[in-house]
Amino acid sequence: MLGFKRGAARRQTCPIACGGGANRVYYHPMKTQILPSLLAADFGRLAEEILRAEASGADALHLDIMDPTFVPNISFGPDVVSLAKRTAPGFYRNVHLMMNRPDLYLDAFAKAGAQTIQVHVEADCDLHSVLRRIREMDLRNAIVLNPETPVEVLAPYLGEIDEALVMTVHPGHGGQKFMAECLPKVAWLRERRPELDVMVDGGVNGETATLAAKAGANQFVAGSYLFAQKDMAAAVADMRRRLA
Ligand code: DX5
Ligand code: ZN
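As a starting point, this report considers the structure included with it. Only a predicted model underlies this, so the values are computations on that prediction, with no experimental measurement involved.

Rules used in this analysis
Residues numbered from 1 in each chain as written. Chains lettered and ligands numbered in written order. Predicted model: local features only at pLDDT ≥ 70, side-chain atom pairs only at ≥ 80, totals over all residues. Heavy atoms only, no water. Near = heavy atom within 4 Å. Polar contact = N/O pair within 3.5 Å; in protein donor to acceptor, adjacent residues only side chain to side chain. Areas by Shrake-Rupley, 256 points an atom, 1.4 Å probe, with all protein chains shown as cover. Nonpolar A, V, L, I, M, F, W, Y, C, P; charged D, E, K, R; others polar. Pairing = 2+ DSSP bridges. Helix = DSSP H or I, 4+ residues; strand = E, 2+ residues; numbered from the N terminus. Axes fitted to C-alpha atoms, helices over the stretch in contact; angles between N-to-C directions. Contact = heavy atoms within 4.5 Å. Buried < 20%, exposed > 50% of the residue type's maximum accessible area, 1.4 Å probe, protein only. Lys, Arg positive; Asp, Glu negative; His and termini not counted. Salt bridge = Lys/Arg side-chain N within 4 Å of Asp/Glu carboxyl O. Donors = N, O, S within 2.8 Å, 3.2 Å for Na, K, Ca; no water. Tetrahedral: all angles 85-135°; square planar, octahedral: opposite > 155°, others 65-115°. Parallel < 35°, antiparallel > 145°, perpendicular 65-115°, else oblique. Left-handed = near helix turned anticlockwise from the far one by under 90°. Arc of directions from axis to C-beta.

**Description of the site of ligand 1**
By nearness alone, 19 residues border ligand 1, and Asp64, Gly172, Asp201, Gly223 and Ser224 come closest of all. At 3.3 Å, a side-chain N or O of His96 approaches an oxygen atom of ligand 1. Protein contact buries 99% of the 380 Å² of open area that ligand 1 shows by itself. Of the residues in the shell around ligand 1, the class split is six nonpolar, 11 polar and two charged.

Here it is in structure tokens:
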């Protein structure tokens, strides 16, 4: 299984003809990926924190965008996505839109440098057209599911997504406890789309990532666990060892 490559390899033709566009050619499904969530970074040193995450050997940066009518918090917007692009151009940017109207902001986040755009199934928009629009912009799309939402609602979208994100906490804040009861949703997705990238987000550390991997997840967002480490690279390496 090929992993995604950074830098110069980025715009080469895909060696396994995945059908992806210019931004997707190097991002092959089902690789184990670890994504530090910038929400847990020291906001007074954002550029350094982005570089620290990149240097840790993690696969991509997870950027949490919050609309306070969708979650009980506000984080940051497209400017931080473009900061990430400027600071670490080769570090893949996975953008999680916790927003009621992601349709109104797709262009802004694409312009800022998002490479995957994740939208919630609970959002108040025409999801089919949002998912299509993201692909038309040559980005990867993903659909996100809150803990209280039954996974079956994803059935009509399964043929239209590059990735699914199963929330393992209630979105809005970092540092919450992992909800293992969400893992059957991961297994449901894995069974129906064996090659799909399935991500978990919330309360992820070395131990809970292993539980999620057993259920079928292959992408792991970790915020407070990774950014709290003095040696993030060692923590990423330890997670990889456990997930291997
Ligand atoms: C929660 C966000 C998560 C958050 C995870 O609303 O979507 O990405 O940063 O943080 P931890 O890993 O601390 O639970
Ligand atoms: Zn997130």
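Next comes the rest of the write-up.
**Section: the sheet that holds strand β1 (residues 33-36)**
With respect to topology, eight strands assemble into an open sheet ordered β1-β8-β7-β6-β5-β4-β3-β2, the strand pairing being parallel. This sheet does not close on itself; its edge strands, each paired only once, are β1 and β2 (60-66). Ignoring strand direction, the axes of neighbouring strands in this sheet form an average angle of 25 degrees. Pairing analysis gives three bridges linking strand β7 (residues 197-201) to strand β8 (residues 219-222), with the strands arranged parallel. From the neighbouring strand, Asp201 faces β8, where its bridge partner is Val221. Set on the sheet, helix α5 (residues 183-192) makes contact with β5 (140-145), β6 (163-167) and β7; between it and β7 the angle comes to about 170 degrees.

**As for the side chain of Asp67**
Residue placement: Asp67 occurs in the loop between β2 and α2 (78-87). Within the buried set, Asp67 has no salt-bridge partner at all; the shortest N-O distance to an opposite charge, 8.5 Å, is to Arg101. Discounting residues that sit within four places of it in the chain, Asp67 has contacts with Asn73, Met98, Met99, Asn100 and Arg101.

**Thoughts on the coordination of the zinc ion (ligand 2)**
The protein atoms donating to the zinc ion (ligand 2) are His62 (NE2), Asp64 (OD), His96 (ND1) and Asp201 (OD), with metal-donor distances spanning 2.0 to 2.3 Å. Viewed at the metal, the six donor atoms of the zinc ion (ligand 2) are separated by angles of 70 to 167 degrees, and the geometry they form is octahedral. Taken in sequence order, the residues that donate to the zinc ion (ligand 2) follow the motif H-x1-D-x31-H-x104-D. This pair shows no difference in class: His62 is buried, exactly as Asp64 is.

**Quick word on the packing of helix α6 (residues 206-215) against helix α8 (residues 232-243)**
At a minimum axis separation of 9 Å, α6 and α8 run at an interaxial angle of 30 degrees. The pairing of α6 with α8 is recorded here as roughly parallel in orientation. Viewed along their axes, α6 and α8 form a crossing whose handedness is right-handed. Each of Gly206, Glu207, Ala209, Thr210 and Ala213 in α6 lies in contact with α8, whose residues at this interface are Met239, Arg242 and Leu243. The class makeup of the residues in the contact of α6 with α8 is four nonpolar, two polar and two charged.

**Observations concerning α2**
Of all the residues in α2, the buried ones are Val80, Val81, Leu83 and Ala84. The arc that holds every buried residue of α2, seen down its axis, measures 155 degrees, which confines them to one face. Of the exposed residues in α2, the ones pointing more than 90 degrees away from its buried face are Asp79 and Arg86. In this structure, the buried side of α2 is in contact with α1 (46-55), β2, β3 (92-98) and α3 (106-112).

None of the figures reported here should be taken as evidence of function without further support.
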